[in-house]
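Observations on the model geometry
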Amino acid sequence: MKVQSYLAFNGNCQEALNFYGDLFHAEVQNRITYEDKKIDVPSSFRNKLQHAELKGKGIHFMAYDASPDTPINHGNQIHMSVDLQGSDEAEKLFNELSKGGQVHHNFREREWGHFGRCTDKFGINWMVNVAH
């Protein structure tokens, strides 16, 4: 069994995947737009992503731009969790993820290691963790 995240975006999926790809040294793969699909979407939406995957060492998730008739409601039901080995690397990643977003728990030492929680500029919730 494999459990995987599938993130929905409001028209800025490609921008978000580029951002995450740079941070995690991963590549966008299996990129499919709405261009030639027989789906009722506005012509201005045809270049948006119907499906894409971000793959790299230790990272793999799927994402898409929800069609205009499917409104995105930001909630706190889903968090992406990143486990790293070193606190310096983790803190740097946390600072980049939270830039332009919102920090919920500052990245600092906790009972189990180092931890921080934030929502990035795309509305995605992240937990960055380094165990002792």
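In case you missed it, the structure is sitting above this.
For the structure given in this document, a descriptive report is provided here. Not measured: the values here are computed from a predicted model. (Residues numbered from 1 in each chain as written. Predicted model: local features only at pLDDT ≥ 70, side-chain atom pairs only at ≥ 80, totals over all residues. Heavy atoms only, no water.)

Next up on the list: the pattern of salt bridges. By the definition in use, this model includes two salt bridges. Its salt-bridge partner being K55, residue E53 comes within 3.7 Å of it at the nearest N-O pair. Residue classification places E53 among the buried residues on the basis of a relative accessible area of 10%. (Salt bridge = Lys/Arg side-chain N within 4 Å of Asp/Glu carboxyl O. Buried < 20%, exposed > 50% of the residue type's maximum accessible area, 1.4 Å probe, protein only.)

Aromatic rings in a pair are described by how distant their centres are and how their planes are angled relative to each other. Counted according to the given criterion, the structure contains 11 aromatic pairs. Between the aromatic rings of Y20 and F61, the centroid separation amounts to 6.0 Å while the plane-to-plane angle is 70°, which identifies the pairing as edge-to-face. With a gap of 41 residues between them, Y20 in helix α1 (residues 13–24) and F61 in strand β4 (residues 59–65) connect regions that are remote in the sequence. As far as burial versus exposure is concerned, Y20 and F61 are alike and both buried. By way of ring pairs, the aromatic residues F9, F19, Y20, F24, F61, F122 and W126 are connected into one cluster. Here K121 stacks its cationic end above the ring of F19, 4.5 Å away from the centre of that ring. (Phe/Tyr/Trp six-rings, centres within 6.5 Å; stacked < 30°, edge-to-face > 60°. Helix = DSSP H or I, 4+ residues; strand = E, 2+ residues; numbered from the N terminus. Lys NZ or Arg CZ within 6 Å of the ring centre and 35° of its normal.)

Attention now moves to the pairing of strand β7 (residues 113–119). Burial within β7 is extensive, with five of its seven residues counted as buried. Between strand β6 (residues 102–109) and β7, which pair antiparallel in sequence order, lie three residues. Bridging between β7 and strand β8 (residues 125–131) involves seven bridges; their strand directions are antiparallel. The residue of β8 that forms the bridge with G116 is V128. In this structure, the hairpin formed by β7 and β8 is closed by a connection of five residues, where G123 is found at a positive phi of approximately 85°. (Pairing = 2+ DSSP bridges.)

Our next topic: the sheet that holds β4. Spatially, the four strands line up as an open sheet ordered β1-β4-β3-β2, and their pairing is mixed. This sheet does not close on itself; its edge strands, each paired only once, are β1 (6–9) and β2 (27–33). For this sheet, the mean angle separating the axes of adjacent strands, direction not counted, is 20°. (Axes fitted to C-alpha atoms, helices over the stretch in contact; angles between N-to-C directions.)

Per the stated rule, a full pass over the model turns up zero disulfides. Here C13 is not disulfide-linked; the sulfur of C118 is the nearest cysteine sulfur, at 18 Å. Since its relative accessible area comes to 0%, C118 is described here as buried. (Disulfide = S-S within 2.5 Å.)

A separate point is the layout of surface pockets. Approximately 670 Å³ is the volume found for the largest pocket. Lining of the largest pocket is provided by 23 residues; of these, F24, I59, V82, L84 and L93 occupy positions nearest its centre. Elements that contribute at least two residues to the lining of the largest pocket include exactly α1, β4, β5 (79–83) and α2 (87–98). Residues of the lining of the largest pocket, tallied by class, amount to 10 nonpolar, seven polar and six charged. Put simply, the second largest pocket is a space of about 250 Å³. What lines the second largest pocket is a set of 14 residues, among which N73, G75, I78, G123 and I124 lie closest to the centre. Contributing elements (two or more residues each) for the lining of the second largest pocket: β1 and β5. Broken down by element, the residue count for the lining of the second largest pocket peaks at three residues, all from β1. Taken together, the residues of the lining of the second largest pocket sort by class into seven nonpolar, seven polar and no charged. (1 Å grid on protein atoms, 1.4 Å probe; cavity = no way out; pocket = protein on both sides within 12 Å on 5 of 7 lines; lining within 4 Å. Points joined across faces, edges and corners; volume = space filled by probe spheres on them. Nonpolar A, V, L, I, M, F, W, Y, C, P; charged D, E, K, R; others polar.)

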